[in-house]
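# Architecture at a glance
Each chain, letter by letter, is given below.
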Amino acid sequence: TMEISMKCFASLAGAAFFLVAPIAGAAPATGSGSNQAPADAALVATVSKLDTDFFDAFNHCTAPDQLQKHASYLAPNLEFYHDKGGVTWSRRDYMANVKNNVCGQFRRVLIPNSLQIFPVKDFGAIEQGSQKFCWLKSGECFGEARFLILWHHLDNRWVATRMFSYGHHAIE
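Described below are features of the structure shown in this document.

Conventions adopted
Residues numbered from 1 in each chain as written. Predicted model: local features only at pLDDT ≥ 70, side-chain atom pairs only at ≥ 80, totals over all residues. Heavy atoms only, no water. Disulfide = S-S within 2.5 Å. Helix = DSSP H or I, 4+ residues; strand = E, 2+ residues; numbered from the N terminus. Buried < 20%, exposed > 50% of the residue type's maximum accessible area, 1.4 Å probe, protein only. Contact = heavy atoms within 4.5 Å. Core = buried A, V, L, I, M, F, W, Y, C linked by side-chain atoms within 4.5 Å. Axes fitted to C-alpha atoms, helices over the stretch in contact; angles between N-to-C directions. Left-handed = near helix turned anticlockwise from the far one by under 90°. Nonpolar A, V, L, I, M, F, W, Y, C, P; charged D, E, K, R; others polar.

In this section: the state of the cysteines. As used here, a disulfide is simply a covalent bond connecting the sulfur atoms of two cysteines. Under the counting rule described, the total for this entry stands at 2 disulfides. The disulfide bridge from C61 ends at C103, spanning 2.0 Å between sulfur atoms. On the sign convention where negative means left-handed, the S-S torsion of about -130° between C61 and C103 marks this disulfide as left-handed. Residue C61 is found in the loop between α2 (41-59) and α3 (64-72), and its partner C103 is found in the loop between α4 (91-101) and β3 (106-110); the two are separated by 42 residues along the sequence. A relative accessible area of 14% means that C103 is categorised as buried. Note that C134 is cross-linked by a disulfide to C141, the S-S spacing being 1.9 Å. Negative torsions about the S-S bond denote left-handed disulfides, and the value of about 80° found for C134 with C141 makes this one right-handed. The connectivity of the disulfide bonds within the protein can be written as 1-2, 3-4, using the sequence rank of each bonded cysteine.

With that out of the way, let us pick up the side chain of T88. Along the chain, T88 turns up in strand β2 (residues 86-88). A relative accessible area of 11% places T88 in the buried class. The residues contacting T88, other than those within four sequence positions of it, are L78, E79, F80, D93, Y94 and N97.

What follows deals with the nonpolar core. The biggest cluster of nonpolar side chains holds 35 residues, and the ones touching the most others in it are Y94, W151 and M163. Sorting the residues of this core by element identifies α2, α3, β1 (74-82), α4, β3, β5 (124-135), β6 (141-154) and β7 (157-170) as the ones contributing at least two each. Among the elements that take part in this core, α2 stands out by supplying 7 residues, more than any other.

Axis separation between α3 and α4 bottoms out at 11 Å; the angle between their running directions is 145°. Between α3 and α4 the crossing geometry is right-handed. Facing L67, H70 and A71 of α3, the residues of α4 in contact are R91, Y94, M95, V98 and K99. By residue class, the composition of the contact of α3 with α4 is 5 nonpolar, 1 polar and 2 charged.

This is how it looks when you write it as structure tokens:
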């Protein structure tokens, strides 16, 4: 029933936020209506690839090497904010939630043409977009949400330091 689906959605979405889908139609951010400089093509390509690789590992997180690969994209002091599930204050706690509540359950699909990337001077980039969640067994999609990731470029490596998943709602 819809009530059970929403409870499952809230429960599972509260434990984690995304799964993988290839980037479809990632476009440079234009900063529409703001003074934010658009991301250049190189930054868009870099962050798009980060997103693809990060969530590909997440999508296959039942394999221990993929779970470890997913964790490698996260800063140890990761902060993850979820409108339904609250705040997770570390990579360790986030990864425990992923392993226990998400792997093998559902996947995240990036909504085409929703990805926007903004440079953050002397730090890295902000990635934002929209996503939907789909059961692995049936393939049926049951929920949607928005997301934001703050990527830090440090020592020739990119790590997510802050992640947000919000505006969760059921797909009717």
